[in-house]
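Analysis of the macromolecular model
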Amino acid sequence: MKHAVRLALALGLLLGAGAVSATDTSTPVGTWKQVDDVTGKVKSIVQISETNGTLEGKVMQLLNRSPEAIARDGEHPKCTKCDGERKDQPIEGMTIMWGVSKDGDVWDGGKILDPKSGKVYKVKLTLEDGGQKLDVHGYIGFALLGRSQVWERQQ
């Protein structure tokens, strides 16, 4: 009997650990491939995390940089057009999205930085394709105006 209880407990712990490590596709929390809306190429890997009920996104890695961009900006480019604390800081490791909170089926109310221009926009996030894609819509003023990118969840 003792053996059966131990086996059941061990099995329960293993199953519970597997459930925790599985990707939750009902939230933007996770790792995303940022796909450029003009070229269609993956430009960076962004990690979205939740802190105190709000989402923030951090650039983990820059990808597919052209030889010209590397010659111009260096191997580890900095946010030269940014203001404030982000000015001249490395883009890799930089928090580029913050203050985003759930509002019905979307996440809204936060800001997103375009490190290339140094501009900060309002942002709205919408999950698509069963949580495998994320529509990231940056805008000024009204959400009808702005630009969207579709990011892909990294497995």
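Residues numbered from 1 in each chain as written. Predicted model: local features only at pLDDT ≥ 70, side-chain atom pairs only at ≥ 80, totals over all residues. Heavy atoms only, no water.

A few words on the sheet that holds strand E2 (residues 42-51). Pairing is antiparallel in the closed barrel, where eight strands are placed in the order E1-E2-E3-E4-E5-E6-E7-E8. Pairs of neighbouring strands in the sheet enclose a mean axial angle of 30 degrees, with direction left out of account. (Pairing = 2+ DSSP bridges. Helix = DSSP H or I, 4+ residues; strand = E, 2+ residues; numbered from the N terminus. Axes fitted to C-alpha atoms, helices over the stretch in contact; angles between N-to-C directions.)

The next subject is the pairing of strand E8 (residues 147-153). When strand E1 (residues 30-35) meets E8, the two strands line up antiparallel, connected through two bridges. For Trp32, the partnering residue across the bridge sits in E8 and is Arg153. Pairing analysis gives six bridges linking strand E7 (residues 133-139) to E8, with the strands arranged antiparallel. Note on E8: the bridge partner recorded for Lys133 is Glu152.

This part covers the nonpolar core. Ranked by internal contacts, the top residues of the largest apolar core, which has 21 residues, are Ile48, Leu125, Leu134 and Trp151. For this core, the elements supplying multiple residues, two or more each, are E2, strand E3 (54-62), strand E4 (95-103), strand E5 (106-114), strand E6 (119-128) and E7. Excluding anything up to four places from it in sequence, Leu125 contacts Pro28, Leu55, Met97, Val100, Val106, Trp107, Leu134, Asp135 and Val136. (Core = buried A, V, L, I, M, F, W, Y, C linked by side-chain atoms within 4.5 Å. Buried < 20%, exposed > 50% of the residue type's maximum accessible area, 1.4 Å probe, protein only. Contact = heavy atoms within 4.5 Å.)

A few words on unusual backbone geometry. Even without glycine at this site, Asp88 takes up a positive phi of about 60 degrees. Among the secondary structure elements, Asp88 is positioned in the loop between helix H2 (67-73) and E4. The backbone phi angle of Asp129 is positive, close to 50 degrees, even though this residue is not glycine. Mapped onto the fold, Asp129 is located in the loop between E6 and E7.

A few words now on a nonpolar patch on the surface. Side chains of Phe142, Leu144 and Leu145 sit close together on the surface and give an oily, nonpolar patch of about 430 Å² of accessible area. Note on Leu145: relative accessible area 54%, which makes it exposed. (Patch = residues over 30% accessible without salt bridge, like charges linked within 9 Å, V, L, I, M, F, W, Y side chains within 5 Å. Areas by Shrake-Rupley, 256 points an atom, 1.4 Å probe, with all protein chains shown as cover. Salt bridge = Lys/Arg side-chain N within 4 Å of Asp/Glu carboxyl O.)

By the definition in use, this model includes one disulfide. Covalent S-S linkage joins Cys79 and Cys82, the inter-sulfur distance amounting to 1.7 Å. Because the sign of the S-S torsion sets the handedness, a value of about 55 degrees for the bond joining Cys79 and Cys82 places this disulfide among the right-handed ones. Among the residues examined, Cys82 registers a relative accessible area of 2% and is labelled buried. (Disulfide = S-S within 2.5 Å.)

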